[in-house]
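Residues per chain, in single letters:
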Amino acid sequence: MDILTQQLINGLVLGSIYALVALGYTMVYGILELINFAHGEVTMFGAMIGLAVIGAFMANGAEVNGLVIVAIGLLAAIAVCVALGFLIERVAYRPLRRAPRLAALITAIGMSIVLQNLAMLIWGKQYVSFPPLLPLASFEVGGAVITNLQIFIVLLSCLLMAGLLLLIKRTRLGRAMRATAQAQDIAGLMGININTIISLTFMIGAALAAIAGVMVSAYYGLAHYHMGFMLGLKAFTAAVLGGIGNVAGAVLGGLLLGLIESLGAGYIGALTGGFLGSHYQDVFAFFVLILVLVFRPSGLLGERVVERA
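Residues numbered from 1 in each chain as written. Predicted model: local features only at pLDDT ≥ 70, side-chain atom pairs only at ≥ 80, totals over all residues. Heavy atoms only, no water.

Caption draft 1: Structural context of the environment of Thr 26. With respect to the helices, strands and loops of the structure, Thr 26 is situated in helix H1 (residues 2–32). The class for Thr 26 is buried, based on a relative accessible area of 1%. Other than its neighbours up to four places away in sequence, Thr 26 contacts Gly 243, Ile 244, Gly 245, Asn 246, Val 247 and Ala 250. (Helix = DSSP H or I, 4+ residues; strand = E, 2+ residues; numbered from the N terminus. Buried < 20%, exposed > 50% of the residue type's maximum accessible area, 1.4 Å probe, protein only. Contact = heavy atoms within 4.5 Å.)

Written out as structure tokens, the structure is:
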């Protein structure tokens, strides 16, 4: 039971991060029916920018509280990633909005590679460590250990996801986003600026990705120019698992994927008699993706996006 409780806690933390990144995938797909495969790299840029700003404060010997320094790094990461999200939409996706889907897919993959190499040129190939600025405390829950950082990640993720759902369901911007997702041409005739709404969708997803990137670097204590690749694939898997294009489905898919991966990492050794270790946990994410695509392509919540004429 101790192992089960610990893995459930770890899975909720991982799932919260996956859900934040998955929301960016699902919002863009819901409104454009395109997969933004550069979204994982936006998450990576959030982590690297946040650490760069935090490192600059540390190098200058600024006498500022550690939490304040991390908050400033987080705000800088959000600002840069929002600008990056706008730039990606404006340069890479808007010119191809009416082009065949294959062209947009190749562009998305190309943008992902460009951002990876740009990050490598800026920060190098080495891992960047998260400085010990956050006061850590541990609590015992049912024989398992949970830290205040894990609690903060889960609570902040829940607040952000609830806020996004309220934004989409209760605000004028949300109504405009839903109208654009349903029928762009009709929404444009009703006075909605389609280009602005699509850009804002990319920017909101990028802001959530920046926060998730800083969370990952704080949780694992490291960041790397290649970290966005695997994180992006897992978040995309979560979006497909919950139902691509469905915001609530992305949240559900992220949490479920985190739990599946964590439980698999905890028990795979016992289930295989020690043949496989916990480092095979990434297998579970893609095994789930294959099963979902084979047996329920529309995802758990089953929202089917109708093909536009």
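Still more ground to cover, so stick around.
Caption draft 2: How the structure looks around empty space enclosed by the protein. Overall, the coordinates contain 1 cavity of 30 Å³ or more when judged by the stated rule. Estimates place the volume of the largest cavity at around 60 Å³. Counting residues per element, the ones that place at least two in the lining of the largest cavity are H1, helix H2 (39–59), helix H3 (66–93) and helix H8 (194–220). Broken down by element, the residue count for the lining of the largest cavity peaks at 3 residues, all from H8. In the lining of the largest cavity, the residues fall into 5 nonpolar, 5 polar and no charged. (1 Å grid on protein atoms, 1.4 Å probe; cavity = no way out; pocket = protein on both sides within 12 Å on 5 of 7 lines; lining within 4 Å. Points joined across faces, edges and corners; volume = space filled by probe spheres on them. Nonpolar A, V, L, I, M, F, W, Y, C, P; charged D, E, K, R; others polar.)

Caption draft 3: Geometry of the side chain of Asn 36. Inspection of the secondary structure assignment puts Asn 36 in the loop between H1 and H2. Owing to a relative accessible area of 4%, Asn 36 belongs among the buried residues under this scheme. In this structure the side chain of Asn 36 is engaged in a polar contact, spanning 2.7 Å, whose partner is the side chain of Tyr 93. Setting aside residues up to four positions removed in sequence, Asn 36 forms contacts with Tyr 25, Val 28, Ile 88, Tyr 93 and Phe 202. (Polar contact = N/O pair within 3.5 Å; in protein donor to acceptor, adjacent residues only side chain to side chain.)

Caption draft 4: Looking closely at the packing of aromatic side chains. The final tally for this structure, using the stated rule, is 5 aromatic pairs. Taking 5.5 Å as the distance between ring centres and 35° as the angle between the ring planes, the aromatic pair formed by Tyr 93 and Phe 202 counts as tilted. Residue Tyr 93 is located in helix H3, and its partner Phe 202 is located in helix H8; the two are separated by 109 residues in the primary sequence. Residue Tyr 93 shares its accessibility class with Phe 202, and that shared class is buried. For the ring pair Tyr 219 and Tyr 220, a centre distance of 5.0 Å and an interplane angle of 65° mean the geometry is edge-to-face. Residue class for Tyr 219 comes out partly exposed when judged on its relative accessible area of 22%. Three or more aromatic residues joined by ring pairs form one cluster here, namely Tyr 25, Phe 37 and Phe 236. (Phe/Tyr/Trp six-rings, centres within 6.5 Å; stacked < 30°, edge-to-face > 60°.)

Caption draft 5: The environment of Gly 258, seen in detail. Structurally, the position occupied by Gly 258 is in helix H10 (residues 247–271). Under the relative-accessibility criterion, Gly 258 is labelled buried at 0%. C-alpha of Gly 258 to C-alpha of Phe 286: the two residues are 28 residues apart in sequence and 12 Å apart in space. Contacts of Gly 258, omitting those with residues within four sequence positions, involve Gly 11, Leu 14, Gly 15 and Tyr 18.

It is worth stressing that arrangement in space is one thing and function is another; only the former is reported here.
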